[in-house]
Amino acid sequence: MNFNEEQVISEISSIFSHSNKSNPEVIVGIGDDAAVVTTDHHSVITTDMAIEGIHFRCEWSSAYEIGCKITVANLADIYAMGADPRYLVVALTLTGNEELSWIKELAQGIADTAAKSDSVVVGGDLSRAQQIMISMTAVGTSRLHITRSGAQVGDSIYVSALPGFSRAGFEILSKNLPHSPAFVRALSQFKSPELDPALMRTFKSAHALCDVSDSLLIQAEQISKASSVAFEIDTKKIEKGDGFTDLAAVAQSIGCDVWDLILAGGEDHVLLATGVNLPGICIGRVIEGSGVKVLEMKKAPDSWRHFN
Ligand SMILES: Nc1ncnc2c1ncn2[C@@H]1O[C@H](COP(=O)(O)OP(=O)(O)O)[C@@H](O)[C@H]1O
Ligand SMILES: Cc1ncc(C[n+]2csc(CCOP(=O)(O)OP(=O)(O)O)c2C)c(N)n1
Ligand SMILES: [Mg+2]
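Definitions and cut-offs
- Residues numbered from 1 in each chain as written.
- Chains lettered and ligands numbered in written order.
- Predicted model: local features only at pLDDT ≥ 70, side-chain atom pairs only at ≥ 80, totals over all residues.
- Heavy atoms only, no water.
- UniProt positions renumbered as here; feature names shortened; annotations may be inferred.
- Salt bridge = Lys/Arg side-chain N within 4 Å of Asp/Glu carboxyl O.
- Helix = DSSP H or I, 4+ residues; strand = E, 2+ residues; numbered from the N terminus.
- Buried < 20%, exposed > 50% of the residue type's maximum accessible area, 1.4 Å probe, protein only.
- Pairing = 2+ DSSP bridges.
- Axes fitted to C-alpha atoms, helices over the stretch in contact; angles between N-to-C directions.
- Contact = heavy atoms within 4.5 Å.
- Near = heavy atom within 4 Å.
- Polar contact = N/O pair within 3.5 Å; in protein donor to acceptor, adjacent residues only side chain to side chain.
- Areas by Shrake-Rupley, 256 points an atom, 1.4 Å probe, with all protein chains shown as cover.

- An unreviewed UniProt entry lists the protein chain under the name Thiamine-monophosphate kinase, with Candidatus Planktophila limnetica given as the organism.
- The Catalytic activity (unreviewed entry) field of the UniProt record for the protein chain holds the comment "thiamine phosphate + ATP = thiamine diphosphate + ADP".
- The record held by UniProt for the protein chain lists under Pathway (unreviewed entry) the comment "Cofactor biosynthesis; thiamine diphosphate biosynthesis; thiamine diphosphate from thiamine phosphate: step 1/1."

Describing the pattern of salt bridges
Okay, step 1: Taken as a whole and assessed by the stated rule, the structure comprises nine salt bridges.
Okay, step 2: With a closest N to O distance of 3.4 Å, Lys69 and Glu267 form a salt bridge. Of this pair, Lys69 sits in helix 2 (residues 63-79) while Glu267 sits in the loop between helix 10 (258-264) and strand 10 (271-275), and the two are 198 residues apart along the sequence.
Okay, step 3: One continuous salt-bridge network, built from bridges that share partners, spans Glu25, Asp40 and Arg86.

Observations regarding the pairing of strand 10
Okay, step 1: Most of strand 10 is tucked away, with five of its five residues classed as buried.
Okay, step 2: Bridging between strand 7 (residues 156-159) and strand 10 involves four bridges; their strand directions are antiparallel. Counterpart to Val159 in the pairing with strand 10 is Leu272.
Okay, step 3: Across four bridges, strand 8 (residues 208-211) lies against strand 10 in antiparallel orientation. Across the sheet, residue Ala208 finds its bridge partner in strand 10, namely Thr274.

A word on the sheet that holds strand 8
Okay, step 1: An order of 8-10-7-11-9-12 is seen for the six strands of this open sheet, with the pairing classed as mixed. At either end of the open sheet lies a strand with only one pairing partner, and these are strand 8 and strand 12 (291-295). Direction aside, neighbouring strands of the sheet carry axes that sit 25 degrees apart on average.
Okay, step 2: Here helix 2 sits on the sheet in contact with strand 8 and strand 10, set at roughly 175 degrees to strand 8.
Okay, step 3: Here helix 7 (residues 216-227) sits on the sheet in contact with strand 7, strand 8, strand 9 (230-234), strand 10, strand 11 (281-287) and strand 12, set at roughly 135 degrees to strand 12.

Overview of the site of ligand 1
Okay, step 1: Near ligand 1, the surroundings consist of Asp48, Asp77, Arg148 and Ser213.
Okay, step 2: In this structure, Asp48 approaches ligand 1 through a side-chain N or O atom, which is 3.4 Å from an oxygen atom.
Okay, step 3: Between ligand 1 and Ser213 there is a distance of 3.1 Å, counted from an oxygen atom to a side-chain nitrogen or oxygen.
Okay, step 4: Bound to the protein, ligand 1 loses 26% of the 560 Å² it would expose on its own.

A closer look at the UniProt feature "binding site: ATP" (unreviewed entry) in the protein chain
Okay, step 1: Following the UniProt record, one finds the feature "binding site: ATP" (unreviewed entry) at Gly124, Asp125, Arg148 and Ser213. Spanning 90 residues, the named residues do not form one spatial group; their C-alpha atoms are separated by as much as 31.5 Å.
Okay, step 2: Looking at the secondary structure, you find Arg148 in the loop between strand 6 (133-142) and strand 7.
Okay, step 3: Ignoring anything within four residues of it in the chain, the contact list for Arg148 reads Ala208, Leu209, Cys210, Gln222, Ile223, Ala226 and Ser227.
Okay, step 4: One polar contact links Arg148 to Gln222, side chain to side chain, over a distance of 3.2 Å.
Okay, step 5: The partly exposed category is assigned to Ser213, whose relative accessible area is 25%.
Okay, step 6: Sequence-distant contacts of Ser213, that is, excluding residues within four places in its chain, are made with Gln219, Gly266, Glu267 and His269.

Written out as structure tokens, the structure is:
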């Protein structure tokens, strides 16, 4: 064993406690039985976990990147409700074989990503298990929340950025392909997806919103079903979007279909929205009916599912 519980808690606390102390809304921070925080308006609550072997591999990603990724996954769910993230709690299992420096890096990745979104880690839990597991709960605040059920016929459909780079990174790592400069965005998007809080907040005028964790197609189906409308996704519009040419080149060099990456890839945590005059890339329109139609697509791409 490379550490004891007290040591880990002391190291983790010192990484998180500065933000606790400097935030006047944290009444009781890390160190007691529970945290006490100020809340107003409506609280938006979400939780997501990351399991070693399922969501990340220590051979592929640094502890810092793993910390960033689980935090982005949680923060994106808060932004996907049109809310602003405020507080996080982190439950962590360790095997006992990690180095203390690895655990500190993980906490730093979480703390830095949280700070970019003006949110703070106010507590957590620690236990031993055969795998590393990170379960994070995020609390946000909003006056008006945006659900998956608000899409209206006549809306345009937008993504905050082109999805697919994360899946490309996953393919590169899974196939153990030699790294090339062209793969930088894909690898970094998989290991530590980009989250731009300012961009996320500009989607507060969306009619329906969710983040793309599973895949664009799955998430489009979820909104279309919840809103009782049909989605018409236009591949020609996506082709004109920022990043398409780069992703198409990566897809070709790793032997993947670019549409599998875009439509069926997940974990980019970009926002999928419907509404009028939103930022990002317009990828189609909301029409009467049900289901998701992708114009000019001959075959259905296969998305990630935990249980097949
Ligand atoms: N174990 C669970 N207990 C209760 N609710 C759950 C559980 N797992 C998922 N959910 C709920 O099901 C919905 C879909 O979950 P998920 O696909 O994980 O959403 P997301 O992609 O936003 O993380 C969410 O509202 C989530 O809170
Ligand atoms: C080692 C490893 N294998 C496979 C994947 C790919 N992967 C794992 S979970 C997932 C989908 C998203 O995860 P989920 O837990 O369903 O997120 P949620 O929808 O709850 O936000 C994908 C694409 C990965 N990230 N790491
Ligand atoms: Mg989830």
